[in-house]
Amino acid sequence: MRMSVSQVLSQPAVQCTLRLLLLLSVILVQSMEPQVLPQALTCLSSLLPLKCPDDIVLAALDFLASLGEIFLPPEIQSQVLPKLASLFSALLTDGSWLLQHHTLEAFAHFVEATNHEEVIPQCLPSEEIKTKVVNFLSKNVPLEENREARLERLKLQSSVIERPRDRLESGAVEAAGDLQPCPKRARQQTSEEEQYETSLQAAESALKTLQTLMAQTPPPQWVAARLRELETQITRINAVQRTGA
């Protein structure tokens, strides 16, 4: 059974599931099946123009940025690159200042990592957007942010990022509250170790929240297929780890 965009936007539980799947996809993007990418971008192309919640947009931006880290097979480039350009173009020209900042960060990550440079000009629909992106990439900030403005921005950013947890029932809130910070390391971590630690913490948190959500609300049928894909990707990651050990 397929759900319409309006059904997704009207069901907070489905929105939370979609957000978690996007975040997990960021972690597992290197091992995703190529044919999944056009489907994911088609979903986002239908959803994002309809003013979906900010936390969904932020998760989508993380996913779009991660696509710069992979090389797209030639057989799907014509399906993926135009959708990718259209999404970045729309997000760079719309949204609150908070979403604009995250869009610039996501686009900068994509630009720095991608092998598909030909799509970059298609993401910049106007001279104004080009100037904004160039200023961001060159760290040219027109106005200096004072301490009070920075604190206010960080408070707003935190409220947007934490919004999905507020939409869950008390059980999900309690489950999130049970999560404990990792103890401090006895030695300083390398940047690679910190990246692994951050990715694993995000995956563990997302899976625990998804488990709580599924215990409260029957998931849509498509969730089972996505979970099987994630299971396959985790198996491949373990296989690579064992090979490299």
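Below is a summary of the structure that appears in this document.

Reading guide: rules and limits
- Residues numbered from 1 in each chain as written.
- Predicted model: local features only at pLDDT ≥ 70, side-chain atom pairs only at ≥ 80, totals over all residues.
- Heavy atoms only, no water.
- Helix = DSSP H or I, 4+ residues; strand = E, 2+ residues; numbered from the N terminus.
- Buried < 20%, exposed > 50% of the residue type's maximum accessible area, 1.4 Å probe, protein only.
- Contact = heavy atoms within 4.5 Å.
- Areas by Shrake-Rupley, 256 points an atom, 1.4 Å probe, with all protein chains shown as cover.
- Salt bridge = Lys/Arg side-chain N within 4 Å of Asp/Glu carboxyl O.
- Core = buried A, V, L, I, M, F, W, Y, C linked by side-chain atoms within 4.5 Å.
- Polar contact = N/O pair within 3.5 Å; in protein donor to acceptor, adjacent residues only side chain to side chain.
- Axes fitted to C-alpha atoms, helices over the stretch in contact; angles between N-to-C directions.
- Parallel < 35°, antiparallel > 145°, perpendicular 65-115°, else oblique.
- Left-handed = near helix turned anticlockwise from the far one by under 90°.
- Nonpolar A, V, L, I, M, F, W, Y, C, P; charged D, E, K, R; others polar.

Concerning the overall build of the protein chain
Here comes step 1: A count of helical and extended segments in the protein chain gives 11 helices and 0 strands.
Here comes step 2: The helix and strand sequence of the protein chain, counted from the amino end, reads α-α-α-α-α-α-α-α-α-α-α.
Here comes step 3: Here the protein chain holds 245 residues, and the buried ones make up 36% of them.
Here comes step 4: A sequence separation of at least 24 residues applies to 78% of the contacts in the protein chain between residues at least 6 apart.
Here comes step 5: Roughly 14800 Å² of accessible area belongs to the protein chain as shown, and the carbon and sulfur atoms make up 55% of that amount.

A look at the pattern of salt bridges
Here comes step 1: Under the definition given, this model contains 1 salt bridge.
Here comes step 2: Measuring nitrogen to oxygen at the nearest pair gives 3.4 Å for the salt bridge that ties Lys130 to Glu127. One end of the pair is Lys130 and the other is Glu127, both in helix H7 (residues 127-137) and 3 residues apart, which spans about a single turn.
Here comes step 3: On the basis of relative accessibility, which here comes to 57%, the residue Glu127 falls in the exposed class.

Focus: the nonpolar core
Here comes step 1: Grouped together as the largest cluster of nonpolar side chains are 46 residues, with contacts concentrated most on Leu37, Phe63, Leu64 and Leu67.
Here comes step 2: Looking at this core, the elements with two or more residues in it are helix H2 (12-27), helix H3 (36-47), helix H4 (54-66), helix H5 (74-92), helix H6 (97-113) and H7.
Here comes step 3: Setting aside its immediate chain neighbours within four residues, Leu64 contacts Leu41, Leu44, Leu84, Leu87, Phe88, Leu91 and Phe110.

Here's the deal with the side chain of Gln77
Here comes step 1: Of note, Gln77 is situated in helix H5.
Here comes step 2: Side-chain polar atoms of Gln77 contact the backbone oxygen of Leu72, separated by 2.9 Å.
Here comes step 3: Apart from the residues within four sequence positions on either side, Gln77 is in contact with Phe71, Leu72, Pro82, His116 and Glu118.

Let's talk about the packing of H2 against H4
Two quantities define a packed helix pair, namely the angle between the helix axes and the distance between the axes.
Here comes step 1: Viewed as axis vectors pointing N to C, H2 and H4 meet at an angle of 20°, and their least axial separation amounts to 9 Å. Between H2 and H4, the crossing angle belongs to the class labelled roughly parallel. Taken as a pair, H2 and H4 cross one another with a handedness that is left-handed. Side by side, H2 and H4 meet where Gln15, Leu18, Arg19, Leu22, Leu23, Ser25 and Val26 of the first sit next to Asp55, Ile56, Ala59, Ala60, Asp62, Phe63 and Ser66 of the second.
Here comes step 2: In terms of residue class, the contact of H2 with H4 is made up of 8 nonpolar, 3 polar and 3 charged.

Observations concerning the packing of H3 against H5
Here comes step 1: Close contact between H3 and H5 brings their axes to 9 Å; oriented N to C, the two are set at 30°. It follows that H3 is roughly parallel to H5 by the angle criterion. Handedness of the H3/H5 crossing: left-handed. Facing Leu37, Pro38, Leu41, Thr42, Leu44 and Ser45 of H3, the residues of H5 in contact are Ile76, Gln79, Val80, Lys83, Leu84 and Leu87.
Here comes step 2: Residues of the contact of H3 with H5, tallied by class, amount to 8 nonpolar, 3 polar and 1 charged.

Here's the deal with the environment of Leu81
Here comes step 1: Turning to its location among the elements, Leu81 is positioned in helix H5.
Here comes step 2: What makes Leu81 buried here is its relative accessible area of 9%.
Here comes step 3: Considering only alpha carbons, one finds Leu81 and Gln122, 41 residues apart in sequence, at a separation of 9.3 Å.
Here comes step 4: Excluding residues that lie within four positions of it along the chain, Leu81 makes contacts with Leu72, His116, Glu118 and Val119.

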